[in-house]
Structure formats: structure tokens, C-alpha cells
Amino acid sequence: MTEPARQQYGVTPPISVATPTDKEVERNQALIEELKKQGSFEGAEESQKRVMVLNTLQNLTESFVKKVCANKGMPEHIIKNSGGKIFTYGSYRLGVYAPGSDIDTLLVTPAHITRHDFFATLPAMLQELVPPPEDLSMVPDAFVPIIKFKLQSISIDLIFARLANVNSVPKDMALSDKELLRGCDEVNLRCLNGTRVTDEILTLVPKPGVFRMALRGIKLWAQRRAIYANVMGFPGGVAWAMLVARICQLYPMAVSSVVISKFFKILANWTWPQPVLLKGIEDGPLSVRVWNPKIYPSDRGHLMPIITPAYPSMCATHNITKSTKSIIIREMKHAAEIMDGIMVGNLSWDRLFERHSFFTNGYRYYLSVVAAAKDKDTLLGWSGLVESKLRHLVMKLEILETIKLAHPFNKGFDNVHFCETEEEAIRIANGEIKAIDNQTGVKTVVTDLKAEQNGNAERKEDESKFKVYTTTYYVGLEINTGNYFLLSQNSSLLTHPEISKHIDISWASQEFFETCKTWPSYNEDEHSIHINLTRNFELPGNVFQPGETRPVKKTKKKIIKRKAGTANGGSAAKKRSADEVRKGSTCCPKREEVRCKKGARTQEEPHWQTPN
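Criteria and cut-off values
- Residue positions are given per chain, counted from 1 along the sequence in the order it is written.
- Two thresholds apply to this predicted model, a pLDDT of at least 70 for residue-level local features and 80 or more for giving and counting side-chain atom pairs, whereas whole-chain, interface and lining totals are computed over all residues.
- To get the side-chain values, all heavy atoms of the structure are used, and hydrogens and water are removed first.
- Numbering of helices and strands starts at the N terminus; helices are DSSP runs of H or I of at least 4 residues and strands are runs of E of at least 2.
- Residues are treated as being in contact if the distance between any of their heavy atoms lies within 4.5 Å.
- To be clear on the numbers: accessible area is Shrake-Rupley with a 1.4 Å probe, and residue cover counts the displayed protein chains and nothing else.
- Think of it in three bands: residues with accessible area under 20% of the maximum for their type are buried, residues over 50% are exposed, and the middle band is partly exposed, with areas taken using a 1.4 Å probe on protein chains only.
- A pair of strands is treated as paired once DSSP finds two or more bridges between them.
- Here the axes come from fitting lines to C-alpha atoms, over the contacting stretch only for helices, and the angles between their N-to-C directions go from 0 to 180 degrees.
- Note on terminology: angles under 35 degrees are roughly parallel, angles over 145 are roughly antiparallel, angles of 65 to 115 are roughly perpendicular, and the others are oblique.
- Each crossing gets its hand from how the near helix is turned against the far one by less than a right angle, where anticlockwise is left-handed and clockwise is right-handed.
- Polar here means any residue outside two lists: the nonpolar Ala, Val, Leu, Ile, Met, Phe, Trp, Tyr, Cys and Pro, and the charged Asp, Glu, Lys and Arg; Gly therefore counts as polar.
- UniProt positions are given in the numbering used here, feature names are shortened, and annotations may be inferred rather than shown by experiment.
- Here, a salt bridge means any Lys or Arg side-chain nitrogen found within 4 Å of an Asp or Glu carboxyl oxygen.
- Every patch collects residues that have over 30% relative accessible area and no salt bridge, joining them within 9 Å if they carry like charges and within 5 Å if they are nonpolar side chains (Val, Leu, Ile, Met, Phe, Trp, Tyr).
- Here Asp and Glu are counted as negative and Lys and Arg as positive; His is not counted, and neither are the chain ends.
- A single reference atom marks each charge: NZ on Lys, CZ on Arg, CG on Asp, CD on Glu.
- Given a helix with a known number of residues, its expected span is that number minus one, times 1.5 Å.

Asker: So what about the overall build of the protein chain? Which residues, and what values?
Answerer: Across its full length, the protein chain holds 18 helices and 13 strands. Across the protein chain, contacts joining residues at least 24 apart in sequence account for 74% of those joining residues at least 6 apart. For the protein chain, the accessible area works out to roughly 30,700 Å², and carbon and sulfur atoms hold 50% of it.

See the structure below:
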């Protein structure tokens, strides 16, 4: 009797359908225990709290739609029947959320409610909730316009979509029907795609339980290695989920530990820009853009395309830059080596989840991008805008011949500065005071704009002082030393300490500033932005974790010149003539060659040029 054909998941047949061995099952159990130890699972009480918050948002959505309808003078039956619904997407909908994770939410309305209504009316209604939300900020001009806030200590990312051909959105509506997309513009399509993609991913993996556990491991790894942030040019949650789902398709019978091992082996050697697909790209009845590099030049420019399975297919990794691609692949190759040790029993799972070394042993030079404002609420919106544009600075830095790699860190660091005078506050906001900790009269307090308890800490300070709120983002720089070594081939140049690499980032910085200042809410009296060069030993303490070793300034070794032979009674070395220096003496034939190979000149401080 022939065995029934297995269902094929994905666009290619599986690599292996072998069942797991006892050793693989053992490694899988060790993975689950390590994830529990790392705090990856949320308790039942906190999960129930999330359900209550979502119920609150659903009730608010219905009230919001009714209020807008009434304000527009619509008939009573439309006001009553318009509805409105909250959908979730991302890690919460996939079932892989961790303690403290935010909830990605989508507010869907009928056609007569607009995005303008969403940003003009909903924030005030949110403030009327009991208790009211904390840290409310809006980014209406983002690629995916969003309202962020914290409700009952749970972070919410709320986006909006209207269904152009629908007059009512009931509570039982699903978004799987393609016809619901008719008449939607690109922004609405992007917003709707989150929920549609999440739902489809779960139907495209052979074993959802295996997929979820493997994804928990990959998410934790990516977060610990600081390569989890779509806005910064790294894969976001949905992109990592699709990558894990693809490996599950290729190994449909594997346990989660094997999926993670194969994940790094395969993707570290993937032939990018070959796209990662969970299924074939679908055509549809709508006149909407579908990812197609043969037609669209911008799609051809995607460096690591991971394509969403829901119609219309889009690239979830359009933000990835040349630098972040290099960093992702480097991290995957490193993780693949660790996984080899884990799977044979030589290493434990905690090695995979070790924290990054971005600040402790990452780079010699960093750019500190500082967004500043006079108050906390103003900075929340401004820093969110600066964060969303930071990858544009990275891409401009990548154009420079002197920059080999520009590595953005995946989060910002918040501070509040208490100043004695208004002049001092202005100087901090403008970046004129760099070493704040060393300035008399200025006290800098590490804070978190999105944490309620820090607000209480601030109130304990002297309210008579002038306050400046800042968020600092860091970009690690790897300098291209090629030209430097080329100069070093001329031995006469090595005798001139003034010769150093000239690194001009003024153009890249100015372009970035102008991009940020096009923000409709920008006000030069309320917002400021500047870029500082920061050497690794100048990094502030708030970027380090307890127990981490901070970089220290390297001291130059003092060279003591001795007369050859004087200690042993020999004659002193013969001094070379000017002609011998020019022609190259044979008394030390390999000296200059060794200095060039070691890169001695790369230790010279480069000359940095930034905007005035």
C-alpha cells in the first residue's frame, strides 16, 4: 500500500522529512528550559490584563466611530451601524509575545472615517480613559502612520485603516477577503497587511507549535544581538517570523532546536537578493502594486527581500541597508558556529543568547545623534521622528569612501539635564556642551521617556532649574583604511604626524538634518538635533550594563632610543646621511614594511568635518 503524499509547504520541496532523533529532542527540551530561564514566557495574570486592555480599545473604537459620524452630521442609522474593530498583528497575534512586549494593534473603520479623523479625534478620547494612557505620541507622517502609548502599563502601537468600499465594520469581520482591499491607497494597504500577513503565516507552517518555539528563540537571539528593529534597518518581528516559517517549511518534521540550527546554516549563506518566499506571489483583481523587481526599480534595490505571503505581496525588509545587511550576515555566521557546538552537546543554549558587544568592543568611533526638546511630551514625538529617519543618515554615510560600515544601534537612550541657566540649557540642546557630566551646575539624570516611574524621579529635582530632555542614538563607524595604507607606502610620509585620514561627514549630516526638519510639526524653538563624534572611551555610562567593561583610552607607548652597542661596549650605530634616507638605507630594510602591515598609521586620529 502506497503512503499518502505529504502536503508540500512553501515554493520548493522540503530538504528533509526525517523525524527528530533522541539527541535532537533532548536539545529541544534544553531550549525550552533556557527560554523559561531567560523570562521569555508571560504569566497568566499579565496575559489576562492584555485581553482587558484590548477590550477597552475595542469599546473606544466604537465610540470613536460614532463620535466622528455624529460630528459629520450623519443619519442616526449610520451612526449606530458603522461599527469599527480592533485587530492585532505581530508577536501578540502569533502567540510569541514576552513579558513587557507591546501589542501591535490595527483600528479598522468604514469608508466615511478618515486618517485625519484618527489623528484629530482619537488622542483626546484616549486621554479621557480611566486611567488615562501614558507617553502618548503620534507620528502621522511615518511610512506606517502610528499612535504610540502605554495603557495600564502595556505598550500599544496603534495604526489605522479605512475600508474604502465598506459602510459597516462589524465585530466578527475578518480581513482575509481580497475584495475588502478595493479602493485602498498604499498607506491603508500597508496597515491592513500586518494582520493579513500574520494570519497567513500560521497557515503556511506544518507545525505551529514548533514554529512558535523556534521563533521565540530567534527573537530572543536577535534582541540580545541588537539586530531587531525594522525602523533602524534590521528585520522586524514579521520578517524574523517569515524567515523562521521558511525553515519550518524546509524541515516539516523537525523540532524547534533543529529549526534554529538550520535557520543559521541556511540563511547565513543565502544568495541574496534572492527573495525569501513562503508561497508564490499572487496576482489579484485590484489595481495595486505587488512586489516585482522586474517592473519596479525600487524593488530591485532591496538587499535582503523577505516577501509577505498575503496579497498584495510586499517586501518586509525594504529598510535594510548595505551596512545592516553585513551586520546581519556576520551575526548569523557567528550564531551558526555556536549552534554547531550546542547540537553536539559541547555548548549550552545560553551562549546563543549572549548580549551584544556594540559598546564594549564594537567600534573605535561612534556618531551620537542627539534629539533635544524642552519637555518630555515634545521630545517623545520629535525623537520618534528622528529615529524613523536615522537609516537615511546611515545610507548617506555608506556613500562616503572613508566609511566602510555604519552600524546603527537599535534603540535610543534618554536623559534629562538640569541646568542652572537658560543659556546653559540652550548650549546643551545645540550640542555645544558635549561632556555634560563634567560641566559645573549641570546634572544629567538617566531616564526613560516611556516609563512612568522616571517621571516621579524627575519631580524630586529642583523645579527652578532649566530642563532639557534628550534622546541619543548611536551609529558605530568602521573606517575604510584602504587609502590610508596606500599613503603609507611612501616611507617619507610616515615621518609627518600631520598626515591623517580626512573624514568629511558634513554633507551626510546636513542632508539628514534637512530630512528631519521637513517634519510638519518641526519648530526650531522647540526641537533641536545635532551630531557629535564620540570615541569609545567617551561613551556615557548609561549605555553599559552592570558588569560590562568600558573601553579605556589607549596610551601611546613611549619609544626609548638607545645608542646601539653602548651597553656591551660596542660602538654606536652609524647615523644615516640625508642621501641614505631619501634612497632607503639597508641598515633596517624591513622597518617601513612592518609598519604598513601592522597598520600603525591607522591609530592616528582622523580629522572629522561636521556641519557648523
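And the narrative resumes.
Asker: Residue-level account of the pairing of strand E7 (residues 403-408), with values.
Answerer: With five of its six residues buried, E7 lies for the most part within the structure. Strand direction decides the pairing type here: E7 and strand E10 (residues 466-479), joined by five bridges, are antiparallel. Its bridge partner being in E10, Leu405 is matched across the sheet by Glu478.

Asker: How would you sum up the packing of helix H12 (residues 376-399) against helix H16 (residues 506-517)? Please name residues and give values.
Answerer: Across the interface, H12 lies against H16 with an axial gap of 9 Å and an inter-helix angle of 150 degrees. The angle between the axes of H12 and H16 places the two elements in the roughly antiparallel class. Crossing hand, H12 versus H16: right-handed. Every residue of H16 that contacts H12 at Trp382, Leu385, Val386, Lys389, Leu390, Leu393, Lys396, Leu397 and Ile399 is listed here: Trp507, Ala508, Ser509, Glu511, Phe512, Thr515 and Cys516. Residues that form the contact of H12 with H16 fall into these classes: eleven nonpolar, two polar and three charged.

Asker: Could you give me a rundown of the UniProt feature "binding site: ATP" (unreviewed entry) in the protein chain, with the residues and numbers involved?
Answerer: The feature "binding site: ATP" (unreviewed entry), as annotated in UniProt, sits at Asp102, Ile103, Asp104, Asp157, Lys219, Tyr228, Gly237 and Val238 in this numbering. Locating Asp157 in the fold gives a position in strand E5 (residues 154-162). Ignoring anything within four residues of it in the chain, the contact list for Asp157 reads Asp102, Ile103, Asp104, Thr105, Ile146, Ile147 and Lys148. Along the polypeptide, Val238 turns up in helix H8 (residues 237-250). Once residues within four sequence positions are removed from consideration, Val238 is found in contact with Val197, Ile201 and Ala316.

Asker: Requested: an account of the pairing of strand E1 (residues 85-89), with residues and values cited.
Answerer: The two faces of the sheet receive side chains in turn, since in a regular strand these alternate between them. Among the five residues that make up E1, five are buried, leaving the element largely enclosed by the rest of the structure. Neither face of E1 is open: one carries Lys85, Phe87 and Tyr89, the other Ile86 and Thr88, and all of them are buried. With five bridges joining them, E1 and strand E2 (residues 103-109) adopt antiparallel strand pairing. Across the sheet, residue Phe87 finds its bridge partner in E2, namely Leu106.

Asker: Outline the pattern of salt bridges, listing residues and values.
Answerer: Within the structure shown, the criterion is met by 18 salt bridges. The partner of Glu282 in a salt bridge is Lys178, with the nearest N and O atoms 2.8 Å apart. Of this pair, Glu282 sits in the loop between helix H9 (256-267) and helix H10 (297-300) while Lys178 sits in the loop between E5 and helix H6 (186-203), and the two are 104 residues apart along the sequence. On the basis of relative accessible area, Lys178 is assigned to the partly exposed category, the value being 25%. Across the salt bridge formed by Glu354 and Arg351, the nearest N and O atoms sit 3.3 Å from each other. Among the residues examined, Glu354 registers a relative accessible area of 38% and is labelled partly exposed. For Arg351, a relative accessible area of 33% translates into the label partly exposed. Among the ionic contacts, a cluster of salt bridges with common partners joins Lys178, Glu200, Lys279 and Glu282.

Asker: Tell me about a negative patch on the surface, and please be specific about residues and values.
Answerer: A cluster of like negative charges, contributed by Asp375, Asp377, Glu524, Asp525 and Glu526, occupies part of the molecular surface. With respect to the secondary-structure elements, Asp525 resides in the loop between H16 and strand E12 (527-535). On the basis of relative accessibility, which here comes to 56%, the residue Asp525 falls in the exposed class.

Asker: Please set out helix H2 (residues 44-71) residue by residue, giving values where relevant.
Answerer: In this model H2 runs 41 Å from its N-terminal to its C-terminal C-alpha over 28 residues, within 8% of the 40 Å that 1.5 Å per residue would give. Buried within H2 we find Ser47, Arg50, Val53, Leu54, Leu57, Gln58, Leu60, Thr61, Phe64, Val65, Val68 and Cys69. Gly73 sits one or two residues past H2 and shows a positive phi near 70 degrees.

Asker: I'd like a description of the sheet that holds strand E3 (residues 134-139), backed by residues and values.
Answerer: Backbone-to-backbone hydrogen bonds join strands into a sheet, with any given pair of strands oriented parallel or antiparallel. In spatial order, the strands read E1-E2-E5-E4-E3; together these five strands make up an open sheet with mixed pairing. Across the chains shown, the open sheet's two edge strands, defined by having one partner strand only, are E1 and E3. Mean inter-strand twist for the sheet, computed between neighbouring axes without regard to direction, equals 25 degrees. Summarising the sheet, strand E4 (residues 146-151) and E5 pair through five bridges and their orientation is antiparallel.

Asker: Can you explain the environment of Pro208? Please cite residues and give values.
Answerer: Locating Pro208 in the fold gives a position in helix H7 (residues 208-224). We classify Pro208 as partly exposed; its relative accessible area is 31%. For Pro208 and Cys248, which are 40 residues apart along the polypeptide, the C-alpha to C-alpha distance reads 9.2 Å.

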